[in-house]
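Coordinate inspection notes
This is what each chain is made of:
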Amino acid sequence: KLPRISLEKLEQEKDFFVKSMETYGFVILTDLGEGHTLYEEMMSKFVSFCELPEDEKSRHTSKKIYRSERGVPMWFCGFEGSKMRDAFRVSTGNMEIGCWPSQDFEDSWRNLTYFLRTICDRSLSIVLDKQISPPKAAADDKSVSYAVCYPNDRGGQQAEGINIKVIRFVF
């Protein structure tokens, strides 16, 4: 059975949380409250974005390049399409990418990102047994949030008629 903890009891279940992270490398958080709504709102906007024609989506690729913690150029922010998937990526430390599909999309992205960042910081604080908070300087924040979509019409491996649209945020 996979480890599950209610988000509101994360600190109360510290020992179970740390042991689960050591054993499995993850914990399934339940009872996300507002987070579930934020996720559903962002997922809806991202799915709608992925259904746009390629030329429309490609207008949302930024000239801004994300650089790793070693300064290595990794990818352009915003939209990136490929044979297998669509992606939308943003450096969490600097979300001023200048190519958001809409203000509503940007607002939803930011709201979900900040919610998830708070969970990550809480989780790291528990595991490391010290207070973790986001870097003060945007240049020091190398965390990334991104969403991906693997549509069947471009070689996805899903069952017929099903397009997997996954929002994955990485910090």
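What this report covers is the structure whose coordinates are included nearby. (Residues numbered from 1 in each chain as written. Predicted model: local features only at pLDDT ≥ 70, side-chain atom pairs only at ≥ 80, totals over all residues. Heavy atoms only, no water.)

The next thing to look at is helix α2 (residues 34-50). For an α-helix, 3.6 residues make a turn, and residues three or four places apart therefore share a direction. Here α2 spans 24 Å end to end across 17 residues, near enough to the 24 Å set by a 1.5 Å rise per residue. Taken together, the buried positions of α2 are occupied by Gly35, Leu38, Met42, Met43, Phe46, Phe49 and Cys50. Around the axis of α2, the buried residues are gathered within 130° of arc, so they sit on the same side. (Helix = DSSP H or I, 4+ residues; strand = E, 2+ residues; numbered from the N terminus. Expected span 1.5 Å × (residues − 1). Buried < 20%, exposed > 50% of the residue type's maximum accessible area, 1.4 Å probe, protein only. Arc of directions from axis to C-beta.)

With that settled, the discussion passes to the pairing of strand β5 (residues 86-91). Counting buried residues in β5 gives six out of six residues, a clear majority hidden from the surface. Residues Asp86, Phe88 and Val90 point to one face of β5 and Ala87, Arg89 and Ser91 to the other, with burial holding for every one of them. Here strand β4 (residues 73-81) folds back onto β5, and the loop between the two strands holds four residues. In the sheet, β5 pairs with strand β6 (residues 144-150) via six bridges, with the strands oriented antiparallel. Counterpart to Val90 in the pairing with β6 is Ser145. (Pairing = 2+ DSSP bridges.)

The interhelical angle for the contact between α2 and helix α4 (residues 103-128), taken along N-to-C directions, is 140°, at an axis separation of 9 Å. Judged on the interaxial angle alone, α4 and α2 are oblique. For α2 against α4, the interelement crossing comes out left-handed. Residues Glu34, Gly35, Leu38, Tyr39, Met42, Lys45, Phe46 and Phe49 of α2 form the contact with α4, whose own contacting residues are Asp104, Phe105, Ser108, Trp109, Asn111, Leu112 and Phe115. Of the residues contributing to the contact of α2 with α4, the split by class is nine nonpolar, three polar and three charged. (Axes fitted to C-alpha atoms, helices over the stretch in contact; angles between N-to-C directions. Parallel < 35°, antiparallel > 145°, perpendicular 65-115°, else oblique. Left-handed = near helix turned anticlockwise from the far one by under 90°. Contact = heavy atoms within 4.5 Å. Nonpolar A, V, L, I, M, F, W, Y, C, P; charged D, E, K, R; others polar.)

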